[in-house]
Amino acid sequence: MSTLTYAVHDSMTMLRRNLKHAIRYPSVSLGAAMMPILMLLLFVYAFGDSIGAGMGGGRDAYLEYLTPGIIIMGVAAGAMSTSIAVCSDMTEGIINRFRTMNITRSSFMTGHVVGSVLQTMVSMILVVGFALAIGFRSDASPLEWLAAAGLLAAVAFAVTWLSAALGLISKTVESASNKPLLVQFLPFLGSAFVPADSMSPGLRWFAENQPFTPMTETLRGLLSGSAIGANGWISLAWCAGISLVGYAWSRSLFNSTTKR
C-alpha cells in the first residue's frame, strides 16, 4: 500500500470514530441546528413585521431575506463542536494512545474536520427543512440548490479547520467552547439580518469587507434564483484562504503538541 492509501485508510478510521461519537451524543449535533432554528423563529415572528416593513415588504418577504443568513450563521455555529472535540481529545489523553499506534499523524485532524463538516451539513438540512415548513420558498433550480450545498460545504470546511486550530490552543474544554464565539458572531455584523447599506458608515464598511457577507449574498442569490455577481468568487476565495490558514495553523500546532 502507498503512503497516500495508508493516509486515506487511517483518516476513514478516524472519521468513523468521530461519527460514532456524534451518534452516541446526538445533543451536540442537534444543538448546531437548534440555535439557527430558534434565531429564525425569533426574528421572523418577533421582529419580522417591523423589519420587513422597513425593507419594503412584510414578514414573508423578511423570511425570504433572513433564511440564507440564518443558514450561514448555523454553519459558523457548528464550528464550536469541532473546537470542543479536538480540545477534549488533546487534554484527556487519547492522543497519547494514538502515538503508540502505527497510524498517519494527519488522520487525527482529518477525521475531526470531515466528521464535523458532515454533521454540519446534516444540521443545515434540518434548518432548511424547518424554514420551508414555516413558509420559506425558493426559486432556485436543482443546479442552484447543488451549488448552494457546495458553498455551504466549502464554508463549513474552512470554518472547521479554523475551529480545530482554536481547539488545539485551548487548555480546557470550557475555553475551547468560547474561542469560536467570534466566528459565530461575525454573521451578525454582516448582511445576514439586514442589508449592509442600511448600516452606519463604519459598520457598513466592516460588513461589506468581512467574509460572511459575500457568502450570505451568494447563498441568497442562489436560493432566490437571482444573479450573484462577483460574490461567488469572493466567497470561494475567502473559503480557500481561511482553509489554508486553518490547516497550516492546525498542522503546526498538532505537530508541536504531539512531538515526542
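None of these values were measured; they are calculated from a predicted model.

A.B. asks: Help me understand the confidence of the model for the chain, please; the structure alone is not making it clear to me.
C.D. replies: Interpretation of this model should avoid reading the predicted coordinates in detail wherever pLDDT is low. Across the chain, pLDDT averages 86, with 93% of residues at or above 70. When mean pLDDT is taken per element in the chain, helix α12 (residues 212-224) scores highest with 95 and helix α6 (residues 94-99) scores lowest with 70.

A.B. asks: I keep staring at the packing of helix α4 (residues 59-77) against helix α7 (residues 107-133) and nothing clicks. Help me out?
C.D. replies: For any two helices packed against each other, one specifies the inter-axial angle together with the distance between the axes. At a minimum axis distance of 10 Å, the contact between α4 and α7 shows a crossing angle of 155 degrees. Taken together, the axis directions place α4 and α7 in an arrangement best described as roughly antiparallel. Between α4 and α7 lies a crossing of right-handed hand. Here α4 contributes Thr-67, Ile-70, Ile-71, Gly-74 and Val-75 to the contact with α7, which in turn contributes Thr-120, Met-124, Val-127, Val-128 and Ala-131. Tallied by class, the residues present in the contact of α4 with α7 amount to 7 nonpolar, 3 polar and no charged.

A.B. asks: Hey, could you run me through the packing of aromatic side chains in this one?
C.D. replies: Ring pairs (aromatic) are described by centroid distance and by the angle formed between their planes. Under the criterion given, the structure shown has 6 aromatic pairs. Arranged with centres 5.5 Å apart and planes meeting at 65 degrees, the rings of Phe-43 and Phe-47 form a pair that is edge-to-face. Residue classification places Phe-43 among the buried positions, given a relative accessible area of 16%. Both rings, one in Phe-185 and one in Phe-188, keep their centres 5.8 Å apart while their planes meet at 25 degrees; by these two values the pair is stacked. A relative accessible area of 45% places Phe-185 in the partly exposed class. Each residue in the set Phe-43, Phe-47, Phe-185, Phe-188 and Phe-193 is aromatic and connected to the rest through ring pairs, giving one cluster. Over the ring of Tyr-65 we find Arg-220, and its NZ or CZ is 3.6 Å from the ring centre.

A.B. asks: Explain the pattern of salt bridges to me, please; I cannot follow it from the model alone.
C.D. replies: Between side chains of opposite charge, a pair can form as their charged atoms come close. Throughout the structure, instances matching the rule amount to 4 salt bridges. Between Arg-204 and Glu-208 there is a salt bridge, with its nearest N and O atoms 3.0 Å apart. Note that Arg-204 and Glu-208 are positioned in helix α11 (residues 201-209) at a spacing of 4 residues, about one turn of the helix. Residue class for Arg-204 comes out partly exposed when judged on its relative accessible area of 34%. Given the relative accessible area of 42%, Glu-208 is considered partly exposed. Close ionic contact of Arg-220 with Glu-217 constitutes a salt bridge, the shortest N to O distance being 2.7 Å. A residue pair is termed a helical-turn pair when its members lie 3 or 4 positions apart in one helix, as Arg-220 and Glu-217 do in helix α12 at 3 residues. What makes Glu-217 partly exposed here is its relative accessible area of 26%.

A.B. asks: Sorry, what's going on with the side chain of Ser-235 here?
C.D. replies: Tracing the backbone shows Ser-235 in helix α13 (residues 231-257). Here Ser-235 falls in the buried class, since its relative accessible area comes to 0%. From its side chain, Ser-235 meets the backbone nitrogen of Met-215 in a polar contact 3.2 Å long. Residues contacting Ser-235, with those up to four places away along its chain left out, are Leu-151, Pro-214, Met-215 and Thr-218.

A.B. asks: How should I be thinking about the environment of Ser-177 in this particular structure?
C.D. replies: Among the structural elements, Ser-177 can be located in helix α9 (residues 173-178). With relative accessibility at 19%, the residue Ser-177 sits in the buried group. Measuring from C-alpha to C-alpha, the distance between Ser-177 and Ala-33 comes to 17 Å, with 144 residues separating the pair along the chain. Ignoring sequence-local partners within four residues, the contact set of Ser-177 consists of Met-80 and Ile-84.

A.B. asks: How should I be thinking about helix α5 (residues 79-91) in this particular structure?
C.D. replies: An α-helical turn contains 3.6 residues, so a residue and the one three or four places further along point in the same direction. For α5, spanning 13 residues, the distance from its first C-alpha to its last is 19 Å, which sits close to the expected 18 Å at 1.5 Å a residue. Along α5, the residues classified as buried are Ala-79, Thr-82, Ser-83, Val-86, Cys-87, Ser-88, Asp-89 and Met-90. Of the residues trailing α5, Gly-93 is marked for its positive phi of about 95 degrees.

A.B. asks: In this structure, what is going on with the side chain of Ser-163? I would like to understand it.
C.D. replies: Here Ser-163 is to be found in helix α8 (residues 142-168). Judged by relative accessible area, which is 1%, Ser-163 ranks as buried. Those residues within four positions of Ser-163 in sequence are excluded, and the remaining contacts are Ala-79, Met-80, Thr-82, Ser-83 and Pro-180.

What counts as what
Residues numbered from 1 in each chain as written. Predicted model: local features only at pLDDT ≥ 70, side-chain atom pairs only at ≥ 80, totals over all residues. Heavy atoms only, no water. pLDDT = per-residue confidence, 0-100. Helix = DSSP H or I, 4+ residues; strand = E, 2+ residues; numbered from the N terminus. Axes fitted to C-alpha atoms, helices over the stretch in contact; angles between N-to-C directions. Parallel < 35°, antiparallel > 145°, perpendicular 65-115°, else oblique. Left-handed = near helix turned anticlockwise from the far one by under 90°. Contact = heavy atoms within 4.5 Å. Nonpolar A, V, L, I, M, F, W, Y, C, P; charged D, E, K, R; others polar. Phe/Tyr/Trp six-rings, centres within 6.5 Å; stacked < 30°, edge-to-face > 60°. Buried < 20%, exposed > 50% of the residue type's maximum accessible area, 1.4 Å probe, protein only. Lys NZ or Arg CZ within 6 Å of the ring centre and 35° of its normal. Salt bridge = Lys/Arg side-chain N within 4 Å of Asp/Glu carboxyl O. Polar contact = N/O pair within 3.5 Å; in protein donor to acceptor, adjacent residues only side chain to side chain. Expected span 1.5 Å × (residues − 1).

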